[in-house]
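Structural features, examined
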Amino acid sequence: MKKLNPEHIKAVMQLVNQGPYFSLLSMELCELDFGYCRFEVDLNNKHLNSYGGIHGGVYASFIDSATYYAAYCDLEEDAGMISVDLHVDYLSNVKEGKLLIEGKRIKAGRNICLSEATVKDNNGKLLAHGTSKLMITNGLQTIKQAMTAMGYQSVPPKFL
């Protein structure tokens, strides 16, 4: 089994946490490994709909992001992914507090990955669950391309 390069993981986490959309949503990627990732979010007013609860699109963004990064470490160095479909079950509403989003890879194939994610409040209450099919795109939408777009000069190798 390949071993992940901790310097690559550190660079990816830094990239994700400084990315414009993740910054907009105040998402912080806290853990990234084979088949797993964890984000944390401090919920605030920008996440809420006009009724005062979290907007469903915010849950969908959290789940889309966590399902992607749950499968990321299983990819070859020059591969990216594109979401083919996203299914979200909205299970409960929330208005404030810290949210924990965990992504888990279910299967990483040659062309398609399947991942799931959960969104829980700081008491462990399940708020949303989702799955995503992701198409592997060799040479397209890679981390190296994202880092170049964000102004990084180089990317540490993914595997040791």
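First things first, this report covers the structure right here in the doc. (Residues numbered from 1 in each chain as written. Predicted model: local features only at pLDDT ≥ 70, side-chain atom pairs only at ≥ 80, totals over all residues. Heavy atoms only, no water.)

Quick look at the pattern of salt bridges now. Using the criterion set out here, one finds seven salt bridges in the structure. Of the charged contacts, one joins K2 and E76 as a salt bridge, the two residues approaching to 2.7 Å between their closest N and O atoms. With K2 in the segment before α1 (6-18) and E76 in the loop between α3 (56-72) and β3 (79-90), this residue pair connects regions lying 74 residues apart in the sequence. The class for K2 is partly exposed, based on a relative accessible area of 42%. Note that R38 and E40 form a salt bridge whose closest N and O atoms lie 2.5 Å from each other. Since its relative accessible area comes to 18%, R38 is described here as buried. Given a relative accessible area of 23%, E40 falls into the partly exposed group. Among the charged side chains, a salt-bridge network with shared partners connects E31, R38, E40, D42 and K98. (Salt bridge = Lys/Arg side-chain N within 4 Å of Asp/Glu carboxyl O. Helix = DSSP H or I, 4+ residues; strand = E, 2+ residues; numbered from the N terminus. Buried < 20%, exposed > 50% of the residue type's maximum accessible area, 1.4 Å probe, protein only.)

Turning next to α1. For α1, spanning 13 residues, the distance from its first C-alpha to its last is 18 Å, which sits close to the expected 18 Å at 1.5 Å a residue. Every buried residue of α1 is listed here: H8, I9, A11, V12, M13, L15 and V16. Tucked inside the fold, the buried residues of α1 contact α2 (20-24), β1 (27-33), β2 (36-43), α3 and α4 (143-149). The N-terminus of α1 is capped by N5, whose side-chain oxygen sits 2.9 Å from the backbone nitrogen of E7. (Expected span 1.5 Å × (residues − 1). Contact = heavy atoms within 4.5 Å. Polar contact = N/O pair within 3.5 Å; in protein donor to acceptor, adjacent residues only side chain to side chain.)

Right, let's get into the packing of aromatic side chains. Scanning the entire structure with this criterion turns up six aromatic pairs. Taking 5.9 Å as the distance between ring centres and 0° as the angle between the ring planes, the aromatic pair formed by F22 and F39 counts as stacked. Here F22, found in helix α2, pairs with F39, found in strand β2; they are 17 residues apart in sequence, far enough to count as distant. Across this residue pair, the class does not change: F22 and F39 are buried. Here the guanidinium or amino end of K2 rests over the ring plane of F159, the centre of that ring lying 4.7 Å away. (Phe/Tyr/Trp six-rings, centres within 6.5 Å; stacked < 30°, edge-to-face > 60°. Lys NZ or Arg CZ within 6 Å of the ring centre and 35° of its normal.)

Bringing the nonpolar core into the picture now. One finds L32, F39, F62, Y69, Y72, L99 and V119 to be the most contacted residues of the largest nonpolar core, which totals 47 residues. Here L32 is in contact with I9, V12, M13, C37, Y69, Y72 and C73, once residues within four sequence places are set aside. (Core = buried A, V, L, I, M, F, W, Y, C linked by side-chain atoms within 4.5 Å.)

This brings us to the state of the cysteines. Under the definition given, this model contains zero disulfides. The thiol sulfur of C37 is not disulfide-bonded, and the nearest other cysteine sulfur, from C73, lies at 8.8 Å. (Disulfide = S-S within 2.5 Å.)

It is a general feature of regular strands that their side chains alternate between the two faces of the sheet. Looking at chain direction, β3 and strand β6 (residues 126-138) are connected through 11 bridges and run antiparallel. Bridging from a neighbouring strand, M81 pairs with I136 of β6. Note that strand β5 (residues 112-121) and β6 share nine bridges and pair antiparallel. Paired with K120 across the strands is L126, a residue of β6. Linking β5 back to β6 in an antiparallel pair, the connection comprises four residues, with G124 at a positive phi of about 85°. (Pairing = 2+ DSSP bridges.)

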